[in-house]
Amino acid sequence: MKVLILTESFAPTVAGPSERAVAISRLLRNAGHRVDVLTMRPFGGNSAKDYEALEYADSVLYAGGDGIRNLKYNKKFKLVSALNNWFVSLPGPYWIESVLLWRKFKKVAIANHWDVMWVTSPPHEVHNAAIKIKSEYGIPYVMDLRDPWVGGKRIRTRSKIHDWFTSRLFSKAIKAADSIVTNTPGFYSEFVGQNPQSASRTFCIPNGYFEQDAVGLASYLAVESKSVFKLVYSGSAYQGVVPDKIELVIDRLNCLDLLIDAEVIGPLRHSRQYKSLGSLSPHASMGHVMSSDLLFLHMPYDAEGQSVMSLKSYIYARSGAIILYSGPKNETSDFLERYSKVYYLDYGIDWGEVAAALKQGRDSNRKISQNDIVDQSWESRMTVINEILQSLGT
């Protein structure tokens, strides 16, 4: 089967859209399907040298528009970016990208025949291109949602006009889609409750970790010093919040005579208290997380009480390490508590208890055996993907 994945970003860019798209592509290719990816050309400096696109897809088709994206994202052109966000792109700032993706598809459609189109968002504007493709070419359309689109306090619209255009695009997409995918059980329940007419074609495919990435990690798991504890964070800076909190954690543990070796995976810069590893391949990221004694995770407060599941939480849970959690309690925190000891920075924390848990070691902090978390692997999600493909008659 030939599958086209439509996404705003793909490897080597490290971001939410690309990570989900890479995972779906890996699963489909492991099952013997051909996967082509239609995406925007990588922009910015968060690309990983060892995380190349063609490792995870049979071909990658890039839409143009480098000049336009440079105007949008270059800090020298803040006024242009503001005009685009508020006035030019309706319903949202990625409307231009959706037009470029549609134009690129028309150029390559003659030479290709795809059996299924898998479209992952946000940014949700990419579904504008998917709607046009479904209408003119009739390719079965899977709408893969990583976050809620309309409704809920996490949904930020710039004005009532943007809100109207957003709702209109959502209505068109939900009518056009042959199958709809949500990425957490809570999100699935909310979506079906709000859109009961779509219940029969709505599925839940949570994120996960690849068990194959947990193989061959001996070089990472070798303990250099039993007197030094390793702290790892994977993610972005969240406008400077994360670096400050990581340094706070290190200071508190140092006061208890614990030596901490801290590493961050992602775009954070080096600090006097931690070293930045930059963006890594999935296997390397898994290696550093699995070798940690302590993991740090941050969730923004607009995710409070929401059906939001951080993708990295699955790798964190697989490691069994202690987790220091910054942010509101939600579906992610509930999930992590099932597998490891979780301490909440923002709800009061007994640092002496954390220190004692670190000294006890990883196995004493793991709530389940490693075999019990295999059902959270990406490989286990293939059953639902096969069900979706069968429902499309492909």
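Everything here concerns the structure above.
Participant: Would you mind showing me how to read the overall build of the protein here?
Facilitator: When helices and strands are tallied, the protein shows 15 helices and 13 strands. Taking all 394 residues of the protein together, 54% fall into the buried category. Restricting the contact set of the protein to residue pairs at least 6 apart, pairs at least 24 apart contribute 71%. Accessible surface computed for the protein: about 17,400 Å², of which carbon and sulfur atoms make up 52%.

Participant: Please explain helix H9 (residues 241–254) as it appears in this structure.
Facilitator: The end-to-end C-alpha distance of H9 is 20 Å, a good match for the 20 Å that 14 residues give at a rise of 1.5 Å each. Buried within H9 we find Val 242, Pro 243, Lys 245, Ile 246, Val 249, Ile 250 and Leu 253. Elements that come into contact with the buried residues of H9 comprise strand E8 (228–234), strand E9 (259–265), strand E10 (274–278), strand E11 (294–298), strand E12 (322–326) and helix H13 (351–360).

Participant: What should I look at first to understand the nonpolar core in this one?
Facilitator: Side chains of a nonpolar character, in soluble globular proteins, are inclined to be buried together. Counting 53 residues, the largest nonpolar core has Ile 246, Val 249, Leu 253, Phe 296 and Leu 336 as the members making the most contacts within it. Counting residues in hydrophobic clusters, the runner-up holds 34 residues, among them Leu 38, Val 126, Leu 145 and Phe 191.

Participant: What is the right way to read unusual backbone geometry from this model?
Facilitator: Glycine aside, residues mostly have negative phi, and peptide bonds are mostly found in the trans state. Here the residue pair Ser 121 and Pro 122 is connected by a cis peptide bond, since its omega of 15 degrees sits within 30 degrees of zero. Relative to the assigned elements, Pro 122 resides in the loop between strand E4 (116–121) and helix H5 (126–137). Here the residue pair Pro 122 and Pro 123 is connected by a cis peptide bond, since its omega of 0 degrees sits within 30 degrees of zero. Mapping Pro 123 onto the fold places it in the loop between E4 and H5. Located in the positive-phi region is Asp 257, a residue other than glycine, with phi close to 65 degrees. Looking at Asp 257, the relative accessible area reads 71%, which means it is exposed.

Participant: Even after reading the chapter, I still don't get the pairing of strand E2 (residues 34–40), so can you show me in this structure?
Facilitator: Consecutive side chains of a regular strand alternate in pointing toward one face of the sheet and then the other. Extensive coverage of E2 is indicated by the burial of six of its seven residues. Here strand E1 (residues 2–6) pairs with E2 via five bridges, running parallel. For Leu 6, the partnering residue across the bridge sits in E2 and is Leu 38. Relative to strand E3 (residues 59–63), E2 runs parallel, the two being bridged by five bridges. What sits directly across from Met 40, in E3, is Ala 63.

Participant: Is there a simple way to think about the sheet that holds strand E6 (residues 179–182) in this case?
Facilitator: Sheets are built from strands paired through backbone hydrogen bonds, the pairs being either parallel or antiparallel. Spatial ordering of the open sheet is given by E3-E2-E1-E4-E5-E6-E7, a layout of seven strands whose pairing is parallel. Two strands in the sheet have a free side with no partner beyond their single neighbour: E3 and strand E7 (202–204). Each strand axis lies, on average, 20 degrees off the axis of its neighbour in the sheet, ignoring direction.

Participant: How do you make sense of the packing of helix H1 (residues 16–30) against helix H15 (residues 382–391) when you look at a structure like this?
Facilitator: Each pair of packed helices can be described by the angle between their axes along with the distance between the axes. One way to put it is that H1 packs onto H15 with a least axis distance of 11 Å and a crossing angle of 80 degrees. By the angle class used here, H1 and H15 are roughly perpendicular. Residue-level contacts link Ile 24, Leu 27 and Leu 28 of H1 to Met 382, Ile 385 and Leu 389 of H15. A class-by-class count of the residues in the contact of H1 with H15 yields six nonpolar, no polar and no charged.

Participant: Which parts of the structure should I look at to understand the sheet that holds E11?
Facilitator: Strand order in this open sheet of six strands is E10-E9-E8-E11-E12-E13, and the pairing throughout is parallel. What marks the edges here is a single partner per strand, and that holds for E10 and strand E13 (342–344). Mean inter-strand twist for the sheet, computed between neighbouring axes without regard to direction, equals 25 degrees. Summarising the sheet, E8 and E11 pair through three bridges and their orientation is parallel. Within E11, the residue paired with Tyr 233 across the bridge is Phe 296.

Participant: I'm lost on the pattern of salt bridges in this one. Help?
Facilitator: Opposite charge on two side chains allows them to pair when their charged atoms are near. All chains considered together, the criterion is met by nine salt bridges. The shortest N-O distance in the salt bridge between Arg 20 and Asp 144 comes to 2.9 Å. Taken together, the positions of Arg 20 in helix H1 and Asp 144 in strand E5 (residues 141–145) put the pair 124 residues apart, joining distant regions of the chain. For the pair Arg 20 and Asp 144, one class covers both residues: buried. The partner of Asp 346 in a salt bridge is Lys 245, and the shortest N-O contact between them spans 3.1 Å. Taken as a pair, Asp 346 in the loop between E13 and H13 and Lys 245 in helix H9 lie far apart in primary sequence, 101 residues in all. A cluster of three or more residues bridged by salt bridges with shared partners is formed by Lys 230, Glu 263 and Lys 275.

Participant: Would you mind going over H5 with me for this structure?
Facilitator: In an α-helix, one turn spans 3.6 residues; hence positions three or four apart end up facing the same way. Between its first and last C-alpha, H5 extends 17 Å over 12 residues, near the 16 Å set by a 1.5 Å rise per residue. Looking at the packing, one finds that the buried side of H5 touches E1, helix H4 (95–108), E4, E5 and helix H6 (160–176). Immediately downstream of H5, the backbone of Gly 138 shows phi near 70 degrees, a positive value.

How each quantity is defined
- Residues numbered from 1 in each chain as written.
- Predicted model: local features only at pLDDT ≥ 70, side-chain atom pairs only at ≥ 80, totals over all residues.
- Heavy atoms only, no water.
- Helix = DSSP H or I, 4+ residues; strand = E, 2+ residues; numbered from the N terminus.
- Buried < 20%, exposed > 50% of the residue type's maximum accessible area, 1.4 Å probe, protein only.
- Contact = heavy atoms within 4.5 Å.
- Areas by Shrake-Rupley, 256 points an atom, 1.4 Å probe, with all protein chains shown as cover.
- Expected span 1.5 Å × (residues − 1).
- Core = buried A, V, L, I, M, F, W, Y, C linked by side-chain atoms within 4.5 Å.
- Pairing = 2+ DSSP bridges.
- Axes fitted to C-alpha atoms, helices over the stretch in contact; angles between N-to-C directions.
- Parallel < 35°, antiparallel > 145°, perpendicular 65-115°, else oblique.
- Nonpolar A, V, L, I, M, F, W, Y, C, P; charged D, E, K, R; others polar.
- Salt bridge = Lys/Arg side-chain N within 4 Å of Asp/Glu carboxyl O.

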